[in-house]
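A closer look at the structure
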Amino acid sequence: TVLAAVLARRQKRTLLRLARSERQANELKSTFLAKISHDLRTPLNGILGFSELVKTTANEPEQRQYGEYIHDSSSHLLDLVNMILDLAKLRNGTLQLRLGDIDLREVAKSVSRIHAIVAKQKGLDFRFDVADGFPGRVTCDGVRIREVLHNLLHNAVKFTRAGHVAVDLFLRDGQAGMRVS
């Protein structure tokens, strides 16, 4: 019984030490993720700003389209960086949804443009349809919606061998909806 008590205390101390080490490692990871995310945002915001200039000042439609593609891709990359920061917040238990009014049509169109190019390169038809009466603005977490749509479209294009990929914005019972097929 004395031996069992000694072994139990040693096991408890070992578990406490491991828990402390794991907590310290998680804090270091969170700190690193927050710092790297911050350092990546600055140049990305510069790219976003200049791509906006290209979109608005280009004389040729093709140049404007390139500016839109650069802007959309940079915006997606910024969202990914923000997701890394959110991962750190999730580990710390401080992640919160950021609800706001967004133009879901514009978000879906922006995300779709990126994936439409890849779909075209694969020989797929890419469709983007908005139902009549679809609301201009909806209240949601725009970053999360953009993230989910990127993932859905990426997988749709990646796993569709032939045919088409479609994004449909629709109304059902007065509620806005989005479908990727």
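Note that the structure is a prediction, hence the values are computed from the model and not measured. (Residues numbered from 1 in each chain as written. Predicted model: local features only at pLDDT ≥ 70, side-chain atom pairs only at ≥ 80, totals over all residues. Heavy atoms only, no water.)

Some remarks on the confidence of the model for the protein
Quick reminder of the rule: You can read pLDDT as the predictor saying how much it trusts each residue, on a scale of 0 to 100. A run of DSSP states H or I qualifies as a helix once it reaches four residues; a run of E qualifies as a strand once it reaches two. Both are numbered from the N-terminal end.
When pLDDT is averaged across the protein, the result is 83; 100% of the residues are at 70 or more. Here strand E5 (residues 175-180) is the element of the protein with the lowest mean pLDDT, 79, and strand E1 (residues 99-102) is the one with the highest, 89.

Side note on the packing of aromatic side chains
Here the distance between the centres and the angle between the planes together describe a pair of aromatic rings. Under the convention used in this document: Pairing of aromatic side chains here covers Phe, Tyr and the six-membered ring of Trp, requires ring centres within 6.5 Å, and sorts the geometry by plane angle: under 30 degrees stacked, over 60 edge-to-face, intermediate tilted. In this scheme, the term charge over a ring applies when either NZ of a lysine or CZ of an arginine sits within 6 Å of the ring centre and within 35 degrees of the ring normal.
Enumeration over the complete set of coordinates arrives at zero aromatic pairs. The ring of Phe-170 has Arg-179 lying over it, and the distance from NZ or CZ to the ring centre is 4.6 Å.

Section: the nonpolar core
Nonpolar side chains tend toward joint burial in soluble globular proteins. What counts is decided by this rule: We define the nonpolar core as a collection of buried residues of types Ala, Val, Leu, Ile, Met, Phe, Trp, Tyr and Cys that are connected through side-chain atoms lying within 4.5 Å of one another. Relative accessibility thresholds used throughout: buried, under 20% of the residue-type maximum; exposed, over 50%; partly exposed, between the two (1.4 Å probe, protein chains only). The contact criterion used is simple: two residues touch if any of their non-hydrogen atoms lie within 4.5 Å.
Counting residues in each nonpolar core, the largest one holds 18 residues, and the members touching the most others are Ile-102, Phe-126, Leu-153 and Val-165. Elements with a minimum of two residues in this core: helix H3 (104-121), strand E3 (138-141), helix H4 (142-159) and strand E4 (164-172). With five residues, the single largest contributor to this core is H3. Residues contacting Val-165, with those up to four places away along its chain left out, are Leu-124, Asp-125, Phe-126, Arg-127, Leu-153, Ala-156, Val-157, Thr-160 and Ser-181.

Remarks on H4
Put simply, the rule reads: In a helix, the anticipated span is given by 1.5 Å times the number of residues less one. In protein, a polar contact requires one atom able to donate a hydrogen and another able to accept it; more generally it is a pair of N or O atoms within 3.5 Å, and residues adjacent in sequence count only if both atoms are side-chain atoms.
With 18 residues, H4 extends 26 Å from end C-alpha to end C-alpha; this agrees with the ideal 26 Å at 1.5 Å per step. Among all positions of H4, only Gly-142, Val-143, Arg-144, Arg-146, Leu-149, His-150, Leu-153, Ala-156 and Val-157 are buried. One side-chain oxygen at the N-terminal end of H4 lies 3.2 Å from the backbone nitrogen of Val-143; it belongs to Asp-141.

Notes on a positive patch on the surface
Note the following rule: Note that patches include only residues with greater than 30% relative accessible area and no salt bridge, and the join distances are 9 Å for like charges and 5 Å for nonpolar side chains (Val, Leu, Ile, Met, Phe, Trp, Tyr). The accessible surface values rely on the Shrake-Rupley method and a 1.4 Å probe; as for residues, cover is taken only from the protein chains in view. The salt bridge definition used is simple: a Lys or Arg side-chain nitrogen within 4 Å of an Asp or Glu carboxyl oxygen. When charges are counted, Lys and Arg are positive and Asp and Glu negative, with His and the chain ends excluded. Positions of charges follow a simple convention, taking NZ of Lys, CZ of Arg, CG of Asp or CD of Glu.
Residues Arg-9, Arg-10, Arg-13, Arg-17, Arg-20 and Arg-23 make up a contiguous surface patch of positive charge. Its place among the elements puts Arg-23 in helix H1 (residues 2-57).

Thoughts on the sheet that holds strand E2 (residues 125-130)
Heads up, the condition is: We call two strands paired when DSSP finds no fewer than two bridges between them. Here, axes are lines fitted to C-alpha atoms. For helices the fit covers the stretch in contact, and angles between N-to-C directions go from 0 to 180 degrees.
Strands sit in the order E2-E4-E5 across an open sheet of three strands; the sheet is mixed. Edge strands, defined here as strands with exactly one partner in the open sheet, are E2 and E5. Adjacent strand axes in the sheet meet at a mean angle of 10 degrees when their direction is disregarded. Where H3 meets the sheet, it contacts E2, E4 and E5, and its direction lies at approximately 170 degrees from that of E2.

Quick notes on the pattern of salt bridges
Counted by the stated rule, this structure contains seven salt bridges. Here Lys-55 and Glu-52 are joined by a salt bridge, their closest N and O atoms 3.4 Å apart. A residue pair is termed a helical-turn pair when its members lie 3 or 4 positions apart in one helix, as Lys-55 and Glu-52 do in helix H1 at three residues. Glu-52 gets classed as partly exposed once you look at its relative accessible area, which sits at 32%.

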